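# Notes for the structure review
Residue strings, one per chain:
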2 protein chains.
Amino acid sequence: EEGEAAVSGLNGVNWKRFSYEDLDAPIIPSKAVCVGLNYRSHIEEMGEKLPEEPTLFLKPRTAVIGPNDSILLPPQSKRVDYEGELAVVIKDRTYWVSEEEAHKHVLGYTIANDVTARDLQSKDGQWTRAKSFDTFLPLGPWIETDVDPMNLRLRTLVNGQVRQEGNTADLIFDVFYLVSFVSKIMTLEAGDIILTGTPSGVGPLSAGDEVVVEIEGIGRLVNGVKPMEIVGNDR
Amino acid sequence: EEGEAAVSGLNGVNWKRFSYEDLDAPIIPSKAVCVGLNYRSHIEEMGEKLPEEPTLFLKPRTAVIGPNDSILLPPQSKRVDYEGELAVVIKDRTYWVSEEEAHKHVLGYTIANDVTARDLQSKDGQWTRAKSFDTFLPLGPWIETDVDPMNLRLRTLVNGQVRQEGNTADLIFDVFYLVSFVSKIMTLEAGDIILTGTPSGVGPLSAGDEVVVEIEGIGRLVNGVKPMEIVGNDR
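Report follows, based on the coordinates.

Reading the values: rules and limits
What you see as residue numbers is a count from 1 along each chain, following the sequence as written. Chain A is the first chain written and ligand 1 is the first ligand written, with later ones labelled in order. Residues qualify for local features only when their pLDDT is at least 70, as the model is predicted, and side-chain atom pairs are given and counted only at 80 or more; totals for whole chains, interfaces and linings, by contrast, use all residues. With hydrogens and water set aside, each side-chain value is computed from the structure's full complement of heavy atoms. Take the buried Ala, Val, Leu, Ile, Met, Phe, Trp, Tyr and Cys residues and link them wherever side-chain atoms come within 4.5 Å; each set so joined is a nonpolar core. Partly exposed residues are those whose accessible area sits between 20% and 50% of the maximum for their type, while under 20% is buried and over 50% is exposed, using a 1.4 Å probe and protein chains only. Residue contacts follow a heavy-atom distance rule, with two residues in contact if any of their heavy atoms lie within 4.5 Å. Throughout, buried area stands for the accessible area (probe radius 1.4 Å) lost by two parts on being put together, summed over both. What counts as a salt bridge is simple: a side-chain nitrogen of Lys or Arg found within 4 Å of a carboxyl oxygen of Asp or Glu. Put simply, DSSP marks the helices as runs of H or I at least four residues long and the strands as runs of E at least two long, and each gets a number from the N terminus on. Classification convention: Asp, Glu, Lys, Arg as charged; Ala, Val, Leu, Ile, Met, Phe, Trp, Tyr, Cys, Pro as nonpolar; all other residues, Gly among them, as polar. In this scheme, strands are said to pair when DSSP sees at least two bridges between them. The copies were overlaid with a least-squares fit restricted to C-alpha atoms from residues scoring a pLDDT of at least 70 in each copy. Patches in this entry comprise residues that are over 30% relatively accessible and not in a salt bridge; like charges within 9 Å are linked, as are nonpolar side chains (Val, Leu, Ile, Met, Phe, Trp, Tyr) within 5 Å. Shrake-Rupley sampling with a 1.4 Å probe provides the accessible areas, and residues are treated as covered by the protein chains on show and by no other component. Charge assignment in this entry is limited to Lys and Arg as positive and Asp and Glu as negative, and neither His nor the chain termini are counted. Here the site of a charge means NZ on Lys, CZ on Arg, CG on Asp, or CD on Glu. The pairing test for Phe, Tyr and Trp rings, Trp by its six-membered ring, is centres within 6.5 Å, and the orientation test on the planes gives stacked under 30 degrees, edge-to-face over 60, and tilted for anything in between.

## Here's the deal with the nonpolar core
- A:Tyr109, A:Ile194, B:Tyr109, B:Val179 and B:Ile194 are the most contacted members of the largest nonpolar core, which totals 106 residues.
- For A:Tyr109, the residues in contact, after removing those within four places along its chain, are A:Leu86, A:Ala87, A:Val88, A:Trp142, A:Ile143, A:Glu144, A:Val147, A:Pro149, A:Val175, A:Phe176 and A:Ile218.
- Membership of the second largest hydrophobic core comes to 19 residues, among which are A:Ile27, A:Phe57, A:Ile143 and A:Leu195.

Rendered as structure tokens:
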């Protein structure tokens, strides 16, 4: 895929020809705030009750990878799942904003894959370890600034087969509710992202898979899957 | 309190005269990785079982305040607790390091207060909201580079009364185990911190309190407590 596009950034907009393979993650956020269990269908498949308030967790910025980068399967887990999600990108420092005013603090939207070691999520109770491995936050392919987030179809495909289908109209807590809710807990900074949750159909990834998250009006986030090779400070 | 001290930083060491009131947080980490339930005594008071592995969670960098800054009590919670903790400061980019080699990647140690909205922690199941409010991560007063972390007395005092007493010798997972464990999940970056857990004696803070966390060989982290005044983007 290639084309000519406005590559949006916090420091302005540049027009350039690009190929999909050239793209990095459009933002490395200072924080990635995530919402669990926000589509009715996913709550049912996880056997949970409808929540009164959003359930939050954080992913570290070191988990971010870009389009076409590979998700790496860590040796600690035997079950790593995709979770396709709409991500909100924050425009400016935002604290204690109302739902009605929240749109003024949104730069745009991108696509995220909230990759999750499902076995560790069950084992730990707290979700942080399961969701924080390096490469577990594919982001991109760009930030779309001109899209209505309230009614967007989302699909996740593995090796070309559709595994998740949802629509942001089915979010229990919508984008502007979430921006407001999170802003009343922690100051949001320019470039921070909020992941809005995943619809039903989550499932495992294997080495060699290609996972694609598509969101109407934004684009496609494509990532391969490989085993993690340990090349740490101990190598 | 005042004195002459080496004010350590990642870009070198400067000697200057200072008063305690001048100090800011010694580091704003790219991430703060925290460990729950790591002192036997605190696990017993929370009614939990001894863990096989550390339980991790993250606090956002926007929660950091310095010595003498005030902890702000948010309107969403009726019960905000102190948790005095030893914090490890990472020296350089560290990935998949062994317990034996971990000390090479530690810059030093500082004091942290893992402030927690206990009522929201119980309500949410996930701990992130309860621990992520602005001002909920007092850090300081400085980074001590020459201290053995394996046998340090820790005390927390509220209005001069001792509420927590512990010793890092009682950690289930010690400092170097934790650096290794976390580094095998997420790449640690220079200035990242790992909070090592809190001993028994956690309890509530009220407006007007002064909370002090003391760690032998490091110093004292002093913070006042005030109600949060809402001065957000909606003001």
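## Quick notes on the interface of chain B and chain A
- Each partner contributes residues to the interface: chain B has 44 residues there, and chain A has 44 residues.
- Of the roughly 3,700 Å² buried where chain B meets chain A, counting both sides, 54% is carbon and sulfur surface.
- The three residues of chain B that bury the most area against chain A are B:Tyr95, B:Trp96 and B:Gln126, which together make up 18% of that side's buried surface.
- There are four salt bridges connecting chain B and chain A.
- Across the pair A:Arg129 and B:Glu53 runs a salt bridge, and its minimum N-O distance is 2.7 Å.
- Contributions of two or more residues to the side of chain B that touches chain A are made by strand S4 (55–59), helix H2 (118–124) and helix H3 (128–131) of chain B.
- When residues of the side of chain B that touches chain A are assigned to their parent elements, the largest contribution, five residues, is made by S4(B).
- Among the residues forming the side of chain B that touches chain A, the class breakdown is 16 nonpolar, 14 polar and 14 charged.

## Comments concerning the pairing of strand S6 (residues 70–73) of chain B
All names here are of chain B.
- What you see with S6 is a clean split: Ile71 and Leu73 sit on the buried side and Ser70 and Leu72 on the side with no burial.
- Here S6 pairs with strand S17 (residues 219–227) via four bridges, running parallel. Counterpart to Ile71 in the pairing with S17 is Val225.

## Side note on the relation of the copies chain B and chain A
- Of the transformation placing chain B onto chain A, the axial shift is 0.0 Å and the rotation is 180°, giving an RMSD of 0.0 Å. The operation mapping one copy onto its partner corresponds to a two-fold rotation axis. The position closest to the rotation axis in chain B is occupied by the C-alpha of B:Gln126, lying 2.9 Å away.
- Interface overlap between copies is the fraction of interface residues in one copy that are interface residues in the other; for chain B against chain A it reaches 100%, indicating a shared surface.

## Remarks on a negative patch on the surface
All names here are of chain A.
- On the surface, Glu21, Asp22, Asp24 and Asp69 cluster together into a patch of negative charge.
- Relative to the helices and strands, Asp69 resides in the loop between strand S5 (64–65) and strand S6 (70–73).
- For Asp69, a relative accessible area of 32% gives the class partly exposed.

## A look at the packing of aromatic side chains
Residue and element names in this part refer to chain A.
- Inspection of every chain in the model, using the stated rule, returns ten aromatic pairs over all chains.
- Each ring, one from Phe57 and one from Trp127, has its centre 5.5 Å from the other, and the planes form 75°; the classification is edge-to-face. One end of the pair, Phe57, is in strand S4 (residues 55–59); the other, Trp127, is in the loop between helix H2 (118–124) and helix H3 (128–131), and 70 residues separate them in sequence.
- Classification of Phe57 by relative accessible area gives buried; the value is 0%.
- Accessibility expressed as a relative area gives 13% for Trp127, which makes it buried.
- Residues Tyr177 and Phe181 carry aromatic rings whose centres are separated by 6.2 Å and whose planes lie at 15° to one another, so their mutual orientation is stacked. Taken together, the residues Tyr177 and Phe181, both in helix H4 (residues 175–183) and four residues apart, mark about one turn of the helix.

## Regarding the environment of B:Phe181
- The exposure class of B:Phe181 is buried, given its relative accessible area of 11%.
- Spatially, the C-alpha atoms of B:Phe181 and B:Leu171 are 14 Å apart, while their sequence positions differ by ten residues.
- When sequence neighbours within four positions are dropped, the list of residues in contact with B:Phe181 reads A:Arg129, B:Glu53, B:Pro54 and B:Leu56.

Note that all results are geometric; they support no functional claim without further evidence.
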